[in-house]
Amino acid sequence: MRSGPLVHLADAVVFANGFPLLSGVDLDLAPASLNVLTGANGAGKTSLLRLLAGLVPLTSGEGTVCGIDLRNGDRRQLRRRVGWLGHEGSFYADLSVEENLRFCARALQRPLTGIGEVLERVGLESRSGTTTKQLSAGQRRRLGLAWLLLRRAELWLLDEPYASLDDQGREFFDRLLAEVTAAGATVVVSAHDPLRSGALRPRTVHLAGGRVQGESR
Amino acid sequence: MIRVAWLVAGKDLRIEARSRVLLWQVVPFGAIALLLAGLALGPAHAGDSSAGPGLFYLVMLFVALLMITRSQVIEATPGTRASVATLGLDPAGVFVGKALALCVELWATGLVLLAGTVLVLHTALHGALVAVPSVLVTLAALSCAGTLYGAMTAGGDGATTLLPILCLPAFAPLLIAGERSFSAALGHGGLWEWWAIVLVALVAYGGLGILLYGVLEES
């Protein structure tokens, strides 16, 4: 188990096309913790997730994620250790559920035997041959979770995962997030509002104007 | 790199087979364009095979632009782009895989349209058969160049209109060399000097793609 924080940001600034996406974020995230980023549109939630995923470079400040320095570390190495679930869908629409997972497993050189297990865990075993574009929004979100489970990522980055989910879907999500956190993964979820679930006790970090404005638990 | 290339090529080809865009949209478009080119020549030029190679490559240019755009659209959903990026795939392998898949698609379309030039433009069958190897190599070089330029414009504003403008200067020498080698196969001039140009272009664009694709993805 890692002793220090899994994520450490100090005065982290990210610029894109001359526009500040993050303007001095200070944040430490403990291993095996559940964290929620809240804030209005444009507050910097997705940009912060993208920085943690190594998808955008750190313009100034300090940052370490999974032990990799964001200033001069290998961001491709970092990307292999995080799992990303975007709210737009994170897979190929013309491939079937199983084909998407096979692609992911082969890319990460993971055994294909794990696919059946994760499909069963997210309740999509009967949909393995269905083309992804034919799935409902909730089923696509479950496929995203299967993709992340298959990856066994240290850091889960979920961008608005609760959008367009019904109560049953939210409960399923909450249950799974509690399980993976208990198993040692660190989860960061972006959401417009704090989580409604009483079962989870996440740390909630409030963002505004590309900065951390406060936090609660 | 080879492992990633096979993985990406297999995925792109499976998506193409599933969506059938090539079969139901691109090939019919190419066939109609070739037919219209034949009609534009008029009956006075029926049997004049000298126009065949040029018209074939003109239509292949349109088809290639469609297929390059399609190849990049597959990856264009922001969520897909981000989650695939977090797989940490070797960019050189991704380039080779995407170029390979595009090449297979262009070969399939090219062979159909080559048959079309024989039927519609009355190009000599024997000459068209002799031209097949040079057509395949030219289309392979177009695939490498197209994949490189496709990555350059992907995700940017006006990518679909910017792509043809950027591609044309790179494609022009390839198309000219391809047309000349096709004409040579029909008995109009020497063959090997044009083959050499196409082969050099294939190696150059392939090498550039392997070196630069990662930089283009990051940018």
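Now for a quick tour of the structure. (Residues numbered from 1 in each chain as written. Chains lettered and ligands numbered in written order. Predicted model: local features only at pLDDT ≥ 70, side-chain atom pairs only at ≥ 80, totals over all residues. Heavy atoms only, no water.)

### Quick notes on the overall build of chain B
When you go through chain B residue by residue, the secondary structure sums to eight helices and zero strands. Walking chain B from its N terminus toward its C terminus, one meets helices and strands in the order α-α-α-α-α-α-α-α. What you see for chain B is a C-alpha radius of gyration of 18 Å, in line with the 17 Å of a compact globule of 219 residues. Principal axes of the C-alpha set define a box for chain B whose edges measure 60 × 35 × 30 Å. Expressed as a percentage of its 219 residues, the buried residues of chain B come to 51%. Sequence separation of at least 24 residues holds for 86% of the intrachain contacts in chain B that already meet a minimum separation of 6. Of the roughly 9400 Å² of accessible surface on chain B, 74% is carried by carbon and sulfur atoms. Taking the 9 positively charged and 11 negatively charged side chains of chain B as two groups, their mean positions are separated by 10 Å. (Helix = DSSP H or I, 4+ residues; strand = E, 2+ residues; numbered from the N terminus. Rg over C-alpha atoms; globule rule 2.2 N^0.38 Å. Buried < 20%, exposed > 50% of the residue type's maximum accessible area, 1.4 Å probe, protein only. Contact = heavy atoms within 4.5 Å. Areas by Shrake-Rupley, 256 points an atom, 1.4 Å probe, with all protein chains shown as cover. Lys, Arg positive; Asp, Glu negative; His and termini not counted. Charge placed at Lys NZ, Arg CZ, Asp CG, Glu CD.)

### Points about the pairing of strand β4 (residues 60-65) of chain A
Residues and elements named next belong to chain A. Direction of pairing for strand β1 (residues 7-16) relative to β4: antiparallel, over a ladder of five bridges. Following the sheet pairing, Val13 is matched in β4 by Ser60. Looking at chain direction, β4 and strand β5 (residues 68-69) are connected through two bridges and run antiparallel. When the sheet's bridge partners are listed, Thr64 is paired in β5 with Asp69. Hairpin connection of β4 to β5: two residues between the antiparallel strands, including Cys66 at a positive phi of 55°. (Pairing = 2+ DSSP bridges.)

### Quick notes on the nonpolar core
Trp156(A), Leu89(B) and Phe171(B) are the most contacted members of the largest nonpolar core, which has 96 residues in total. The contacts of Trp156(A), once residues within four sequence positions are left out, are Gly83(A), Leu145(A), Leu148(A), Leu149(A), Leu177(A), Val180(A), Ala185(A), Thr186(A), Val187(A) and Val188(A). Core analysis: the next-biggest nonpolar cluster, separate from the first, contains 32 residues, Ala43(A), Leu52(A), Leu55(A) and Val82(A) among them. (Core = buried A, V, L, I, M, F, W, Y, C linked by side-chain atoms within 4.5 Å.)

### So, the pairing of strand β9 (residues 203-208) of chain A
All names here are of chain A. Where strand β3 (residues 34-38) and β9 come together, four bridges link them in parallel fashion. Its bridge partner being in β9, Leu37 is matched across the sheet by Val205. Two elements, β9 and strand β10 (residues 211-216), share five bridges in a ladder whose sense is antiparallel. Residue pairing across strands places Val205 opposite Glu215, the latter belonging to β10. Counting the residues that bridge the hairpin from β9 to β10 gives two residues, and of these Gly209 lies at a positive phi of roughly 60°.

### Some thoughts on the interface of chain A and chain B
Taken together, the contact pairs 26 residues of chain A with 24 residues of chain B. Summed over both sides, the interface between chain A and chain B buries roughly 2300 Å², with carbon and sulfur atoms accounting for 59% of that surface. Among the residues chain A hides against chain B, the three largest losses belong to Arg76(A), Tyr92(A) and Phe103(A). Together they make up 27% of the total. Between the two partners, chain A and chain B, sit three salt bridges. Arg70(B) is the partner of Asp94(A) in a salt bridge, and the nearest nitrogen-oxygen pair spans 3.8 Å. (Buried area = accessible area lost by both parts, 1.4 Å probe. Salt bridge = Lys/Arg side-chain N within 4 Å of Asp/Glu carboxyl O.)

### Describing a nonpolar patch on the surface
All names here are of chain B. A surface patch of nonpolar side chains, amounting to about 570 Å² of accessible area, comprises Met1, Ile2, Trp6, Leu100, Val104 and Ile210. Looking at the nonpolar patch, the elements that each hand over two or more residues are α1 (2-19) and α5 (91-120). Mapped onto the fold, Ile2 is located in helix α1. (Patch = residues over 30% accessible without salt bridge, like charges linked within 9 Å, V, L, I, M, F, W, Y side chains within 5 Å.)

### Examining the layout of surface pockets
All names here are of chain A. Estimated volume of the second largest pocket: approximately 290 Å³. Around the second largest pocket, the lining is made up of 16 residues, and of these Val118, Arg121, Leu149, Leu150 and Arg152 lie nearest the centre. Broken down by secondary-structure element, the contributors of at least two residues to the lining of the second largest pocket are α4 (114-121), α5 (137-151) and α6 (167-182). Here the lining of the second largest pocket takes four residues from α4, the largest share from any one element. Residues of the lining of the second largest pocket, tallied by class, amount to ten nonpolar, one polar and five charged. (1 Å grid on protein atoms, 1.4 Å probe; cavity = no way out; pocket = protein on both sides within 12 Å on 5 of 7 lines; lining within 4 Å. Points joined across faces, edges and corners; volume = space filled by probe spheres on them. Nonpolar A, V, L, I, M, F, W, Y, C, P; charged D, E, K, R; others polar.)

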